[in-house]
Amino acid sequence: MALWQPHLHDEASRKYLGIVQALESDIYAGRVKPGDRLPSQRAIAEALQVDLTTVTRAFNEARRRGLVEGNKGRGSFIRGAVEKKLISDKQALLDLSMNNPPQPVSANLQQRIPEGIAGLIADQRRMLQLHYQDSAGNPVDREAAAHWLQAKVANIHADRVLITGGAQSALYAICHHLLIQGEYLATAEYTYPGLKAVSQQLGCQLQAIATDEQGIIPDAFEQSCQKNSIKALYVIPALDNPTTATIPLARRKKIVEIARRYKVAIIEDDPYSTLQTKPIEAFASLLPELTWHIATLSKCATPALRVAFIITPNADDIEKLADVIRATQLMAPPLMCALVTRWIYDGSLDDIAQAIRQENNARQQLAATILKGWTYQADPDGHHLWLALPNNWLAADFASHAEKMGVTIVPSSSFAITDKPIDAVRVSLGLATDLDSLTEALTILTRLLSQTQRLTRAVV
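Conventions we followed
Sequence order sets the numbering: in each chain, residues are counted from 1 along the sequence as written. This being a predicted model, a pLDDT of at least 70 is required before a residue's local features are given, and a value of 80 or more before pairs of side-chain atoms are given or counted; all residues contribute to the totals for chains, interfaces and linings. Hydrogen atoms and water are omitted, and side-chain values are computed over all heavy atoms in the structure. Throughout the structure description, domain borders are defined by an automatic or database domain assignment. Two residues qualify as a contact provided that any one of their heavy atoms is within 4.5 Å of a heavy atom in the partner residue. In this description, buried area is defined as the sum, over both parts, of the accessible area (probe of 1.4 Å) that is lost when the two are combined. The rule for a salt bridge is simple: a side-chain nitrogen of Lys or Arg has to be within 4 Å of a carboxyl oxygen of Asp or Glu. Stacked, edge-to-face and tilted are the three classes for Phe, Tyr and Trp ring pairs, Trp counted by its six-membered ring, which pair at centre distances within 6.5 Å; planes under 30 degrees apart are stacked, over 60 edge-to-face, the rest tilted. Classification of residues uses two cut-offs on accessible area relative to the type maximum, computed with a 1.4 Å probe and protein chains only: under 20% is buried, over 50% is exposed, and between them is partly exposed. Pairing between strands is defined by DSSP: at least two bridges between them are needed. Strands are runs of DSSP state E lasting at least 2 residues, helices are runs of H or I lasting at least 4, and numbering of each runs from the N terminus. To get an axis, fit a line to the C-alpha atoms, keeping to the stretch in contact for a helix; angles then go from 0 to 180 degrees between the N-to-C directions. Residues adjacent in sequence count toward polar contacts only when both atoms are side-chain atoms; beyond that, a polar contact is any pair of N or O atoms within 3.5 Å, and within protein one must be able to donate a hydrogen and the other to accept it. Note that the term roughly parallel is reserved for angles under 35 degrees, roughly antiparallel for angles over 145, roughly perpendicular for angles of 65 to 115, and oblique for everything else. Gly counts as polar in this scheme, as do all residues outside two lists: the nonpolar Ala, Val, Leu, Ile, Met, Phe, Trp, Tyr, Cys and Pro, and the charged Asp, Glu, Lys and Arg.

Visitor: It is not clear to me how the domain arrangement of the protein chain should be interpreted in this structure. Could you clarify?
Guide: Reports often express the size of an interface as the amount of accessible area lost when the parts come together. With domains assigned, the protein chain is organised as domain 1 (15-87), domain 2 (94-105 + 350-450) and domain 3 (106-349). One C-alpha centre belongs to domain 2, the other to domain 3, and the line joining them spans 25 Å. Taken residue by residue, the interface counts 34 residues in domain 2 and 38 residues in domain 3. Each partner contributes to the roughly 2900 Å² buried at the junction of domain 2 and domain 3, and carbon and sulfur atoms together form 54% of this total. Broken down residue by residue, the surface that domain 2 buries against domain 3 is led by I352, F415 and I417, which jointly contribute 23%. Put simply, domain 2 and domain 3 have zero salt bridges between them.

Visitor: Please clarify how the packing of aromatic side chains should be interpreted in this entry.
Guide: Tallied over the full model, the rule gives four aromatic pairs. Taken together, a centroid distance of 5.2 Å and an interplanar angle of 85° make the contact between W393 and F398 edge-to-face. You can call W393 buried: its relative accessible area is 1%. Taken together, Y190, W386 and F415 form an aromatic cluster joined through their ring pairs.

Visitor: Explanation requested: the sheet that holds strand β10 (residues 291-296) in the structure shown.
Guide: Picture the strands of a sheet paired through backbone hydrogen bonds; they go either parallel or antiparallel. Spatially, β3-β11-β10-β9-β8-β4-β5 is the arrangement adopted by the seven strands of the open sheet, whose pairing is mixed. Either end of the sheet is taken by a strand with one partner, and the two such strands are β3 (161-164) and β5 (205-209). The sheet shows a mean angle of 25° between the axes of neighbouring strands, taken without regard to direction. Pairing analysis gives three bridges linking strand β4 (residues 184-188) to strand β8 (residues 230-235), with the strands arranged parallel. Each residue of the ladder has a partner; that of L185, found in β8, is A232. Helix α8 (residues 167-178) contacts β3, β4, β8, β9 (265-269), β10 and β11 (308-311) of the sheet and is inclined by roughly 165° relative to β10.

Visitor: Looking at this structure, how should I read the pattern of salt bridges?
Guide: Between side chains of opposite charge, a pair can form when the charged atoms approach closely. In total, this model carries eight salt bridges according to the counting rule given. Here R261 ties to E222 by a salt bridge, and the two come within 2.4 Å at their closest N and O atoms. Placement of R261 in helix α11 (residues 249-262) and of E222 in helix α10 (residues 218-227) is noted, with a sequence separation of 39 residues between them. Put simply, E289 and R260 hold a salt bridge, and the shortest N to O gap is 3.5 Å.

Visitor: Just checking my understanding: could you explain the side chain of T302 for this structure?
Guide: The topology assignment puts T302 in the loop between β10 and β11. Within the structure, the side chain of T302 is placed 3.1 Å from the backbone nitrogen of A304, a separation counted as a polar contact. Once residues within four sequence positions are removed from consideration, T302 is found in contact with Q103, L109 and L297.

Visitor: Can you walk me through the packing of helix α5 (residues 109-122) against helix α14 (residues 334-346) in this structure?
Guide: For any two helices packed against each other, the geometry comes down to the angle between their axes and how far apart the axes lie. With their axes 10 Å apart at the nearest point, α5 and α14 run at an angle of 105° to one another. What the angle tells us is that α5 and α14 run roughly perpendicular. Residues L109, R112, I113, G116, I117, G119 and L120 of α5 pack against L335, M336, A338, L339, R342 and W343 of α14. Of the residues assigned to the contact of α5 with α14, the class counts are nine nonpolar, two polar and two charged.

Right, here's the structure in full:
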């Protein structure tokens, strides 16, 4: 039976937590196991040169977390049930399924958010704008949004900008306005799952458009327009979810020509272009009279803001969308909108996006090293990749086995409009807490990829 060697976790905010976190880390690493004995509290205090009260507090916290148990007359031991708990906790750290942006230290969100909110509350003038708002958004916030959107779409004025509580609500409002039950909405053959949910709710029909490594194929789009009465086209123009494709300018112009010819509205869902080093001209600039542009802050800042901007084809459309928002969510969150406005004008929003871009670059470089030799699509500025599976793997089975091994990913069926999707998975790099946990998760996936025998679905 091993005796734990006491030490402090370097990143702990307090010494007693440093003891607890060091113990947790050693259990994760297998340096101590259930049943192993801990030194006496006095021995730990002497070894770490801390007072006995600090160690007692650490032991109480360790018991609260279920890490240790006491045996009167014999001392304290690692609990027998702790291993299962820690494996469960560890699996949660290896979530590559949610397409969250990373939150690097350089983004400084832990400081920016509370300080920003405190500043708003202290400003009596701004407090007047934190009550119920117009469903289209506070005029001050819409002006700020138009200012920020100028970098993406030229000549944008606040009378064409509406604010919603996130991209999903924006997408629902636009589709509710444009489509009626039974009408066709064209989209890539692998598309954002939120669009599938909206179409099911509204009863419109999704029409799959063939794609390649550059996104939607213009000829396939035109053939669909000729075959069906397409009312709108949904497109993620940059760092597509899930395929990571960015539609080049020449292809965007061809799609615009077709949309203009057949009078097809374009719903441009653009959460990622802010992260691009060299963004391409938006559809909202190329075809402003038919394009509904959605710009969320969930991917270039944080999903916690729940703020997205819509650019409408003309000012008259604002009130029509506001009617839908009024009936579904009433308004975007005023406090978060006010915070975003402050971040736009003081440069914080651009700083956060730049920090996320740099972290994405580092994570994509890491993924390229670990996944070397395997086939996948990725963009250096994005925080996900589209991994093609070898012939011995079905996407659903691969995802199921990965989950059993503690890594969650999303199979192609979640994005597919086609009946027979390819065997691929989306791997999101942003939610991993650090590069070490991302390395561990990707290494597990490479071990699975190397399986030469077809495996049936795991029981999880």
